[in-house]
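Coordinate inspection notes
Next come the chains, spelled out residue by residue.
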Amino acid sequence: MIRPARLIGAASVVLVTTALAVCGLTAADSPQSTTTTVQRASVVRVDDGKTIFRFETFGDEQLWTDVLRMHEVIATSVDPITALTVGLKVDVDALPASIIDALRSGTGVDLTSPETTIQLLKLNAVVGVKGTVSDTGQLTSVGITCALCHSTVDNSLMAGIGHRLDGWANADLDVGKIVALSTSPLLDDATKADFRTWGPGKYDPRHHYFDGTNIIGLPLNTPSLPVVIPPAYGLKGVGFETYNGDGPISYWNSYVGVGQMGGQGSFSDPRIGVSISQTPDLVTPRLPALLAYQLSLRTPKAPKGSFNQAAADRGEGIFHGQAGCATCHKGSTFTDVLSGADPSVPLLHEATEVGMDPTYAEKSATGMSTGIAAYRTTPLRGLQQRRFYFHDGSASSLLAVVNHYDALFQLHLTEAQKSDLVEYLKSL
Ligand code: HEC
Ligand code: HEC
């Protein structure tokens, strides 16, 4: 269990928050003006957002360096092999030709030395990790960015080293194992043992939060409940983009940027009893550009030949017909979260309706404020790249997804129909 150095009481909850107010105002998906100036401004904003997404730590070194002491852990025990094993990725475009050649030939780069990791950090080549290296080669600080969890690479040079793929979930990243390397006294052995059970591609963003000084356990969520890191692409027009529809993208970016990454900023949501205030706020002013960049990330097309087109066409008919999938996975976004009577309220499905474990939903803001554990219909996208499905990863293949629904809704699909449906899902 995490030792709460300071427990947060209801009295410290602020009513309306800057973060939420900003979320309401950021309308990057509103109709675009056609004037050149505005277009140029929005291009600049997307570019800014890309830099923020990839490289901005929001000052979260206050967690990863000051509290978790990860710079010391890296310097003593994280060689590149270890780093790649826990799912960290290396951006080949940040490497000089000499290192690329050495990696290709397998000589001249020591992948078993933490010093090489420090060299890679100095080159700003480790995706989602930013290190500061002194003139004498000491790693003096380290922080993380959004890209840590929501980017991967195309393995063009070798496994784990390639060109960045922004918005793709890093299905190899073992956040629990990484954090468990920390030597911080704020994390006891039981907590670290719990984190080590998460496995790759998962993280529990509701287990605790960081307020700038202390790691505060969210008592409802002990032990932890890791969920699948989702992709951050294909979100244009979706709405309420979290598993439980807690709020729009910027709400969640603020929650994670401040409370989870440990950035310096302010976030408050009375629904979950979290109120963090730090000045200057390095997160809130960056949310609009970050939003613009996320909305610009398109779902990658399923590679040609990776699914059977004729079967997928038949599967599409089943999806809309006999299987009834499209009653919830509606329209081009494949979700009905905005289909409620009031568009300012997310349309959710109770856990029992879709046969899901209610526990994670109970900890969400919508769950805590309504007392109803419910999930948002997931916008289906990039399904081939996923290792597991549903918020908790309870289905490890698309056939397992189809079988789940076949049993739950008593669809009586034949094996051939199931396989057609799977081919269709692979095409999305
Ligand atoms: C430590 C890993 C981690 C980091 C770092 C992280 N996220 Fe996430 N992100 C998650 C997990 C896990 C979820 C799913 C949580 C949920 O929906 O309840 C998520 C959800 C999301 C979603 C919702 C996607 C969807 O379809 O449901 C978006 C968008 C997103 N993150 C963007 C960001 C941005 C932008 C940042 C940087 C400010 C960031 N994330 C940092 C792990 C991470
Ligand atoms: C009653 C509404 C409803 C129906 C009908 C429905 N779904 Fe879903 N679907 C959901 C919800 C809600 C989730 C999120 C569940 C979770 O993550 O806990 C989901 C999640 C999924 C996912 C996981 C996506 C991911 O990225 O993890 C897939 C795939 C999926 N559904 C496919 C289908 C198929 C195929 C059908 C038809 C056989 C179908 N769904 C029918 C509501 C529905």
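Everything here concerns the structure above.
For the structure given in this document, a descriptive report is provided here. (Residues numbered from 1 in each chain as written. Chains lettered and ligands numbered in written order. Predicted model: local features only at pLDDT ≥ 70, side-chain atom pairs only at ≥ 80, totals over all residues.)

Attention shifts here to the site of ligand 2. Neighbouring ligand 2 are 25 residues, the closest being Cys-325, Cys-328, Tyr-389, His-391 and Tyr-405. Among the elements of the structure, helix H16 (398-408) and helix H17 (415-427) are those that each provide at least two residues to the shell around ligand 2. When residues in the shell around ligand 2 are grouped by element, the largest group, three residues, is from H16. Class assignment for the residues of the shell around ligand 2 results in 16 nonpolar, seven polar and two charged. (Near = placed C-beta within 6 Å. Helix = DSSP H or I, 4+ residues; strand = E, 2+ residues; numbered from the N terminus. Nonpolar A, V, L, I, M, F, W, Y, C, P; charged D, E, K, R; others polar.)

What follows deals with the environment of Asn-244. Assignment of secondary structure puts Asn-244 in the loop between strand E10 (227-228) and helix H11 (249-260). C-beta crowding within 10 Å serves as the criterion here: with 24 such atoms nearby, Asn-244 is assigned to the buried category. In this structure, the C-alpha to C-alpha distance between Asn-244 and Ala-374, residues 130 residues apart in sequence, is 6.3 Å. Filtering out sequence-adjacent residues up to four positions away, Asn-244 remains in contact with Leu-348, Ala-361, Ser-364, Thr-366, Gly-367, Ala-374, Tyr-375 and Arg-376. (Buried ≥ 20, exposed ≤ 12 C-beta atoms within 10 Å, placed from the backbone. Contact = placed C-beta atoms within 7 Å.)

What surrounds ligand 1 is a group of 24 residues, the closest being Cys-146, Cys-149, Thr-242, Tyr-243 and Gly-257. When contributions to the shell around ligand 1 are tallied by element, the ones reaching two or more residues are helix H8 (147-150), H11 and helix H12 (287-296). With five residues, the single largest contributor to the shell around ligand 1 is H11.

Strand direction decides the pairing type here: strand E2 (residues 129-133) and strand E3 (residues 139-144), joined by five bridges, are antiparallel. Residue Gly-131 lies in a different strand from E3, and its bridge partner there is Val-142. Adjacent in sequence and paired antiparallel, E2 and E3 are bridged by five residues, among which Gly-137 carries a positive phi angle near 85 degrees. (Pairing = 2+ DSSP bridges.)

Such coordinate-based values are descriptive only and should not be taken to indicate function.
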